[in-house]
Amino acid sequence: MDWNELVVKKGLPRWPYPVRYGEEERISADVLVLGGGIAGCWAAISAARGGAKVVMVEKGATLTSGAGGTGCDHWLNTPNPCSRVTAEEAVEWESDFNGGYVNGISRYIAARESFETLLEMEKMGGKIRDTGDEFKGAPFRDEKTKFLFAYDYESKYHFRIWGSTFKPALYKECKRLGVKIYDRIMATGLLTEGGKTGEKVVGATGIHTRTGGFILFKSKAVVNCMSRYQRNWSFSTEWKGISSWRPPQIAGDGHAMAWRAGVEFTLMEISRPSSFGSGYSYPGYGVGNALNTWVPCTLVDANGKEVPWVDRDGRALTSLADRTRPAPGQKFMGERTTVYKHKRPEPITDLEQRVKKGEFVLPIYADLTGMPEYERRVIWGVMVGEEGKTKIPVFRTYHDAGFDPEKDLLQSYLLLGGDPMRGKVLPWERTAGELGDAGGPVVDWNLMTNVEGLYVAGDALFASNYHNHAAATGRYAGRKAAQYASNASLLRLSTKQVKEEKERVYEPVRREGDLEWKEFNIAISRVMQNYCGEYKNDELLKIGSIWLEDLRENEAPRVCADNPHKLVRTLEVFNVLTCSQMILHASMARKASSRYLDFLRLDYPEMDPPEWHKWVTIRIEDGHVKKGERRIDYWGDLAENYERNR
Amino acid sequence: MKKKVYAFPNKTTPGRPLIFSPKRCTGCNICVNACQVDIMIPSPVKGNPPIVLYPEECWYCGACVSLCPRSGAIKLNHPLNQRVRWKRKETGEHFRV
């Protein structure tokens, strides 16, 4: 029965869950983990193993929620006994690629601890190696360990994994260790000592997404695993549909909460045009391509003519094997980089010019039929199949529709509009959080912020990325939080702070209004497109600030929510607004352009002048936005500091 | 035509991310509770497939389909503007999702 039928037959339904606006529930913990994704689950497991009483809060349903909920195909950048790549090198190639704008602390932690984390994943029931011997003899398989490797078959430090088995195994382990999991709760605010900005964290508030009930959490330590911010420059449920790269409800709740609590942030000014952010994109991994999950697939044109792969010197490769091994003299290859030292082979990058000259005929296809059987089965079966959002939406759906990788050429949308990763997009349709590195709280070698007792892990961390990084940092932050909690006590919650937060969260259900959350989100994105798009200058950013503040003062009070689900969606959009305001503050503070940050200031056009090669920081202090800075390598020597602090 | 006509608003776009088979679905609502975006509510008629209340919020992760204990009870239904195509190498025939 669909909605229309239901209304005709049964009348307009009442909300199916008990409505509990304003009713309070109190929960306490040693370690409160906010967010039940990959980082959150690992933080909870680690803290529980450290002897802490752990409560984990998740807006959706932990079993399959988050970006890694339905799988992962590759465990990247992980030094291990099969490889000569060192932890320092694993950080170095990312750092070179990003001009030094990487989170050295969290990336190094991941480089040092990813492999042991992967082995623990196996102990919990995750499948990490080819135990079924399906790929015996394949060049990407290490026969002794049965590990499968990706991208660089010689350097063996990017693993292919069966990530669809991971989240359910993590969930089971959380329960086995006695972690109290509270699903369907949106964390809405951090509570601090005395209710003061910047003071030690003492707990958090949340609302139940189905009943609207109010939950007060008291805890000794908090781990922010709430991922990043999105929907700042682009939002449309109509257009985007299946192309949304991250779960759409990842709206920057963690960032907004931390900001309000006085946490210091950095890199909020980074952004890039996002092919995933456009409404033209097709399902991720579900189009013919030769990137990422699909490496080293052959591309052909409409007449079956092969599109050549070239090495880092632009020379056409003659063998398939050359696509996945370093060039002579090259120690190892990065998963993706433009820096020569670690650059991988790829299909020609001047395809468009050559298509215009008539050398290749559109459309282009990915030719799995012409690949050796082991490559075909690993790309279409392990990578596509185990990667998040592919087992059902791509692998099963396409199979049910008749797609056969032995017989069929899958359409590429390169140059046609719709390629999820390389499609041309309008330069003002940008993203920070959806794809690539984003801004986040400044952390120390404990992964703790300037707000004492508040830790950060996973994609919430600034300038970092990837499933294995979320797992390793979650595990690290969890143990740190447990250690901290073992020497701390539960403190009083500020009545005033709780009262103010409670008033804030229920405003949309108390009032009558003419606006709903979607229209409000799209209004925010319009301001960001126009005033914080490809071109920036002081005047534009100031006007953008005026209009976001105007939305906050004049339109936000007109946004109403007529049930708890819509209340959650509304509060998310208010967080999108907060994160957008943070982006503008950071953009105003960086008075230089940067190629690495895709940041173009028309009033400061010099690209990456040395005196601006640093982290620009922002935070709320005494009710004002305070700007600051940190040295680009503020964490010091990686190995030395890691050893001292771990 | 004696069909009753109602003043319905437009259906959302996309409008139908999930297709339920009333024969296979038992209304267990495991899918309702798996959904991380919470787009469904249980049907008021016990044993019936759930109501997709917020179809345009679907992320198309397929967790509901994965966790459904009855094969064929739910099918993921891609938006019409996002159906990928392919060509059969031997015959040149074109297909799509």
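Residue positions are given per chain, counted from 1 along the sequence in the order it is written. Whichever chain is written first is A, and whichever ligand is written first is 1; the rest continue in order. A pLDDT threshold of at least 70 governs which residues receive local features in this predicted model, and a stricter bar of 80 or more applies before side-chain atom pairs are shown or counted, although totals over entire chains, interfaces and linings include all residues.

Draft legend 1. A look at the overall build of chain B. Counting secondary structure elements, chain B contains two helices and six strands. A run of H or I in DSSP counts as a helix once it spans at least four residues, and a run of E counts as a strand once it spans at least two, with each numbered from the N terminus. Tracing chain B from N to C terminus, the helices and strands come up as β-α-β-β-α-β-β-β. We compute the radius of gyration over the C-alpha atoms and compare it with the globule rule, which gives 2.2 Å times the number of residues raised to the power 0.38. Against the globule reference of 13 Å for 97 residues, chain B gives a C-alpha radius of gyration of 16 Å, more extended than a compact globule. Expressed along its principal axes, the backbone C-alpha trace of chain B runs to roughly 50 × 40 × 25 Å.

Draft legend 2. The arrangement of the interface of chain A and chain B in detail. Residue pairs qualify as contacts under a 7 Å threshold applied to their C-beta atoms, which are placed from the backbone. Each partner contributes residues to the interface: chain A has 46 residues there, and chain B has 39 residues. Only helix 1 (3-10), helix 6 (237-240), helix 11 (391-400) and strand 17 (408-411) of chain A provide two or more residues apiece to the side of chain A that touches chain B. Counted by class, the side of chain A that touches chain B contains 22 nonpolar, 18 polar and six charged residues. Think of it this way: DSSP has to see at least two bridges between two strands before they count as a pair. For strand 17 of chain A and strand 5 (residues 85-88) of chain B, the ladder comprises three bridges, and the chain directions are antiparallel. Residue pairing for strand 5 of chain B: Asp408(A) is matched across the bridge by Arg88(B). The residue classification treats Ala, Val, Leu, Ile, Met, Phe, Trp, Tyr, Cys and Pro as nonpolar and Asp, Glu, Lys and Arg as charged. All others, Gly included, are polar.

Draft legend 3. Just the sheet that holds strand 5 (residues 159-160) of chain A, in detail. Residue and element names in this part refer to chain A. Taken in spatial order, the three strands line up as 3-5-4 in an open sheet, and their pairing is antiparallel. Each of the sheet's edge strands pairs with one partner strand only, and the pair in question is strand 3 (74-75) and strand 4 (148-149). When strand 4 meets strand 5, the two strands line up antiparallel, connected through two bridges. Looking across to strand 5, one finds that Leu148 is bridged to Arg160.

Draft legend 4. Quick peek at helix 4 (residues 104-124) of chain A. All names here are of chain A. Given a rise of 1.5 Å per residue, 21 residues ought to cover 30 Å, and the 29 Å separating the end C-alpha atoms of helix 4 matches this to within 8%. Considering bend angle alone, the principal kink of helix 4 is centred on Glu113 and spans about 55 degrees. Within two residues after helix 4, Gly125 carries a phi angle of roughly 120 degrees, on the positive side. Here a helix's expected span is defined as the number of its residues, less one, multiplied by 1.5 Å. At every residue, the bend is computed as the angle between two fitted axes, covering the seven residues ending there and the seven beginning there respectively.

Draft legend 5. Representation of the packing of helix 14 (residues 517-531) of chain A against helix 15 (residues 538-555) of chain A. Residue and element names in this part refer to chain A. It is the contact of helix 14 with helix 15, at a shortest axis distance of 9 Å, that shows an interaxial angle of 165 degrees. Judged on the interaxial angle alone, helix 15 and helix 14 are roughly antiparallel. Helix 14 and helix 15 meet at a crossing whose hand is right-handed. Within the contact between the two elements, helix 14 uses Phe520, Ala523, Ile524, Val527, Met528 and Tyr531 and helix 15 uses Leu540, Leu541, Ile543, Gly544, Trp547, Leu548, Leu551 and Glu555. Partitioned by chemical class, the residues of the contact of helix 14 with helix 15 number 12 nonpolar, one polar and one charged. A fitted line through C-alpha atoms serves as each axis, taken over the contacting stretch for helices, and the angle formed by two N-to-C directions is quoted from 0 to 180°. These descriptions rest on fixed angle ranges, namely under 35 degrees for roughly parallel, over 145 for roughly antiparallel, 65 to 115 for roughly perpendicular, and the rest for oblique. Crossing handedness is read from the near helix: turned anticlockwise from the far helix by less than a right angle, it gives a left-handed crossing, and turned clockwise, a right-handed one.

Draft legend 6. Looking closely at helix 11 of chain A. Counting buried residues in helix 11 of chain A gives seven out of 10 residues, a clear majority hidden from the surface. To sort residues by burial, count the other C-beta atoms lying within 10 Å of each one's C-beta; a count of 20 or more means buried, 12 or fewer means exposed, and anything in between means partly exposed. C-beta atoms are built from the backbone. Looking only at helix 11 of chain A, the buried set comprises Lys391(A), Ile392(A), Pro393(A), Val394(A), Phe395(A), Thr397(A) and Tyr398(A). In the core, the buried residues of helix 11 of chain A are packed alongside helix 10 (383-386) of chain A together with helix 2 (63-67) and strand 4 (74-76) of chain B. With its phi angle positive at about 105 degrees, Gly402(A) sits one or two positions after the end of helix 11 of chain A.

Draft legend 7. Spatial organisation of the nonpolar core. All names here are of chain A. Here, a nonpolar core means buried Ala, Val, Leu, Ile, Met, Phe, Trp, Tyr and Cys residues linked by C-beta atoms lying within 7 Å of one another. Within the largest apolar cluster, 210 residues are counted, with the highest numbers of intra-cluster contacts made by Val31, Ala44, Val54, Val223 and Ala457. Ranked by the residues each element gives to this core, the list is headed by helix 16 (residues 564-589), at 13 residues. Domain limits in this description derive from either an automatic procedure or a database domain assignment. Here this core spans two domains, since at least three of its residues come from each of domain 1 (128-160 + 281-424) and domain 2 (507-617). Leave out the neighbours within four places in its chain, and Ala44 touches Val33, Val54, Met56, Cys174, Val179 and Gly478.

Draft legend 8. Representation of the domain arrangement of chain A. Taken as a whole, chain A is organised into domain 1 (128-160 + 281-424) and domain 2 (507-617). The gap between the C-alpha centroids of domain 1 of chain A and domain 2 of chain A is 37 Å.

Draft legend 9. Structural detail: unusual backbone geometry. A cis amide bond links Leu362(A) with the next residue in sequence, Pro363(A), at an omega value of 5 degrees. Among the secondary structure elements, Pro363(A) is positioned in the loop between helix 8 (351-356) and strand 16 (365-366). The residue after Thr13(B), namely Pro14(B), is reached through a cis peptide bond having omega -10 degrees. Structurally, the position occupied by Pro14(B) is in the segment before strand 1 (18-20).

Draft legend 10. Summary view of the pairing of strand 5 of chain B. Residues and elements named next belong to chain B. Inspection of the sheet shows strand 5 paired to strand 6 (residues 94-96) by three bridges, in the antiparallel sense. In the strand pairing of strand 6, Lys87 is matched with His94. Counting the residues between successive antiparallel strands, the hairpin from strand 5 to strand 6 contains five residues, one of them, Gly92, with a positive phi of roughly 80 degrees.

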